Amino acid sequence: MEDLSQIRSDIDSIDSQIVDLFKRRMDCADRVAAYKREKHLPVLDKSRERALLARRASEVPKDLRVYTEVLFQLLMEASRNRQTARLQTPSATAQAIQTALAQSPACFPRDAFVACQGVEGAYQQIACDRIFRHANISYFDTFDAVFRAVEEKYVDLGVLPIENSTAGSVNQVFDLMMRHNFHIVRTCRLKIDHNLLAKPGTGLEDVRHIYSHEQAINQCGDFLGQLKGVKVHACENTAVASKMVAESPRTDVAALASRSCAQIYGLDVLAASVQDQGNNYTRFACISRDLTIFPGADRSTFMLVVNHEPGALYKVLAKFYALDINIIKLESRPIPDRDFEFMFYFDIDCPAASPEFLTLVRSLEASCEEFRYLGSYSEVI
């Protein structure tokens, strides 16, 4: 049997040769970029790449063909990224990011006129108070109205829930993202504690109807499942549910909401912290109409549609891998009126001012069927 140290020594020797060959290949990529700049040719040559993959796959045994294709797809992605960087491929989004970085305010605002959905006591309001030192809040009935208030510049900024650690993404908000023009300028992660609230004098055994937001209901499934003879009703907001219970003449109604709502609306806590998981967090996005990148922005969000062909998403993911950029979240949502087509949402961890970030933006904008940059920001915890 061979000695393991000798085998590893052989691997190290081969790897050194691979590195030398890789440097020579990337030098060729620079020469190709110079030629394409002179001849005004695009970076991507699909027919050339398709033929190269087929040729290389035919040169190895069948059991190595998939690995060979993956290896050369990654090499070609690295080559395209290199050429894109050398050519400084025109990108309206990259230019907008560079302009926003150059005009970056000194710090995030302490005061603002902010739109939130619901009423006083809503978790959006609590998140708003976490993001801003002093905020003048205008409340709206729907998430769509918050987007429109920001889009039409009725307010400076808006705060919206985007995902929960237990119940997942707020699908209604993600669907609205496709329809509105906005940019994310900050996110906030808030610990959520749901409590069963009722009017003074109402006992847990008296409750027959519980009201709350759909996400809160989903987050308290175990507790609600233990209650017998109780109907659960979804409404616009946890704070709206609390207000409705407080104003109702009935004594058999309750709401799932925060302790702040109990104080604001004069309700008693019948059961505290009834969410399924103790580490229950919701992320909120602070949005603006115009692109602004504040200092310390190290996260970014994209929306994109890939070409409707096999391997299209893999090729997009390879761009992130080739640039060593970490994907924090990947979400897909069906596109209305387009059968079996999806919009993909990416949250990534990468400083907005880094050169690889701009290279990624140029590459995605040039290769995706649709591409939208939703902003770069930092997260308040």
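Conventions we followed
Residues numbered from 1 in each chain as written. Predicted model: local features only at pLDDT ≥ 70, side-chain atom pairs only at ≥ 80, totals over all residues. Heavy atoms only, no water. Helix = DSSP H or I, 4+ residues; strand = E, 2+ residues; numbered from the N terminus. Buried < 20%, exposed > 50% of the residue type's maximum accessible area, 1.4 Å probe, protein only. Contact = heavy atoms within 4.5 Å. Areas by Shrake-Rupley, 256 points an atom, 1.4 Å probe, with all protein chains shown as cover. Lys, Arg positive; Asp, Glu negative; His and termini not counted. Charge placed at Lys NZ, Arg CZ, Asp CG, Glu CD. Core = buried A, V, L, I, M, F, W, Y, C linked by side-chain atoms within 4.5 Å. Salt bridge = Lys/Arg side-chain N within 4 Å of Asp/Glu carboxyl O. Patch = residues over 30% accessible without salt bridge, like charges linked within 9 Å, V, L, I, M, F, W, Y side chains within 5 Å.

Draft legend 1. The arrangement of the overall build of the protein in detail. Helix and strand counts for the protein stand at 13 helices and 16 strands. The buried share among the 381 residues of the protein stands at 47%. In the protein, the proportion of contacts linking residues at least 24 apart, taken out of those at least 6 apart, comes to 76%. Looking at the protein as shown, the accessible area adds up to about 19,700 Å², and 51% of this sits on carbon and sulfur atoms. Separation of charge centres in the protein, based on 44 positive and 50 negative side chains, amounts to 4 Å.

Draft legend 2. Here's a closer look at the nonpolar core. The biggest cluster of nonpolar side chains holds 27 residues, and the ones touching the most others in it are Phe147, Val173, Met177, Phe182, Ile184 and Ile287. Residue assignment for this core shows that the elements contributing at least two residues are α6 (143-151), β3 (157-164), α7 (171-177), β11 (281-288), β12 (299-305), β14 (342-349) and β15 (370-377). Not counting the four nearest positions on each side in its chain, Phe147 is found in contact with Leu160, Val173, Leu176, Met177, His180, Phe182 and Ile287. Membership of the second largest hydrophobic core comes to 26 residues, among which are Ile293, Phe346, Phe357 and Leu358.

Draft legend 3. Molecular detail of the pattern of salt bridges. The full count for this structure, using the stated rule, is 19 salt bridges. Two residues, Asp290 and Lys153, come together in a salt bridge whose shortest N-O distance is 3.1 Å. Of the two residues, Asp290 sits in the loop between β11 and β12 while Lys153 sits in the loop between α6 and β3, which places them 137 residues apart along the sequence. The class of Asp290 is partly exposed, set by a relative accessible area of 40%. Since its relative accessible area comes to 53%, Lys153 is described here as exposed.

Draft legend 4. Quick peek at the side chain of Ser363. Here Ser363 is to be found in helix α13 (residues 355-367). We classify Ser363 as buried; its relative accessible area is 5%. Apart from residues lying up to four places away in sequence, Ser363 is in contact with Glu77, Asn81, Thr84 and Lys319.

Draft legend 5. Summary view of a negative patch on the surface. Negative charge collects at one region of the surface, where Glu2, Asp3, Asp10, Asp12 and Asp15 lie side by side. Considering the arrangement of structural elements, one finds Asp15 in helix α1 (residues 4-39). Residue Asp15 is classed as partly exposed on the basis of its relative accessible area, which comes to 37%.

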